[in-house]
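Given next are the chains, with one letter for each unit.
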Amino acid sequence: MLARLMRLRQQLLGALVHRSPPVASPAVVPSLLTPGPICGFPTPTDTVTPRQPRGQERVITGNRQTSWAFADAFVAEDEALHWARDRAREAGLRSVMPSTGAALRLLAASVDAKAVAEIGTGCGVSGIHLLHGMRPDGVLTTVDPEPEHQQFARQAFRVCGFASNRARFIPGRALDVLPRLADAGYDLVFCDGDRLEYPDYLAESLRLLRPGGLVVFEGVFANGRTVDSGPQPAEVLRLRELLRTVRESQELVSSLLPVGDGLLCAVKR
């Protein structure tokens, strides 16, 4: 009996000695190429929002929508601005968003602007923000093909308390008026006119600006169409041309601000 037990013990020991070590299954090895935990970290919970059909409002996360709404609500606009917005709405015109207006006010103040040129008066919403950011003795030169709209802007400026000599209204097409303005005579040029003419506005703006001056273009996102890979109208193609030119220019220091419908800003060296 004892001999039998000894043989059984030897057999068990032999089985343990010769048993192959376990090999980890590839299915459970963490990898950067497979889903699941990576290097011991929890599985990421972020998901990619599926792309909506072309032509609908671009898909953005709820958090980003909330952030943009907060940025607009952060700006306190007075009765004159609300009045100007109402006139623009009645005329079927776009007005800059409150966050865009606040950015314009900040940019004008940052360069201590005394002379500003505005392409696209509208009913005065952007002009009011620019005037608030400019020096007290600064003059806004604003160009628009519609004299009636400029009359609304003139009234809005007056309600805001700006003296009549703080703004110079010039009716006409921007590309007809801009060549008549003085070289290197402006601290800031704000472009909110015909999107098809934006690249041409850039060329004129560089001539008008002093070194260190700012050129600003509104609406360069085109409601998300600028980055849409599908077929786009000529207006969007011109916006892409503008963005490439500004980004590649050695004469400009640029940034694209995600406020409103996109604000392209560039400093002339």
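Residues numbered from 1 in each chain as written. Predicted model: local features only at pLDDT ≥ 70, side-chain atom pairs only at ≥ 80, totals over all residues. Heavy atoms only, no water.

Across a sheet, strands are paired by hydrogen bonds formed along the backbone, either parallel or antiparallel in direction. If you trace the seven strands from one edge of the open sheet to the other, you get S3-S2-S1-S4-S5-S7-S6, paired in mixed fashion. A single partner strand is all that each edge strand has here, and the edge strands are strand S3 (167-171) and strand S6 (252-257). Here the average twist between neighbouring strands, direction ignored, is 15°. Of the pairings in the sheet, the one linking strand S4 (residues 186-191) to strand S5 (residues 209-218) comprises five bridges and is parallel in character. When the bridges of S5 are listed, Tyr 186 appears paired with Leu 209. Most of the contacts of helix H6 (residues 147-160) go to S3, to which it runs at about 170°, and overall it touches strand S2 (139-144) and S3. (Pairing = 2+ DSSP bridges. Helix = DSSP H or I, 4+ residues; strand = E, 2+ residues; numbered from the N terminus. Axes fitted to C-alpha atoms, helices over the stretch in contact; angles between N-to-C directions. Contact = heavy atoms within 4.5 Å.)

Our focus in this paragraph is helix H9 (residues 234-248). Taking 1.5 Å as the rise per residue, H9 with 15 residues should run 21 Å; its terminal C-alpha atoms sit 21 Å apart, in good agreement. Of the positions making up H9, those classed as buried are Val 236, Leu 239, Leu 242, Leu 243 and Val 246. The buried residues of H9 all sit within an arc of 115° when viewed along its axis, so they share a single face. In this fold, the buried residues of H9 make contact with helix H8 (198-208), S5, S6 and strand S7 (263-268). (Expected span 1.5 Å × (residues − 1). Buried < 20%, exposed > 50% of the residue type's maximum accessible area, 1.4 Å probe, protein only. Arc of directions from axis to C-beta.)

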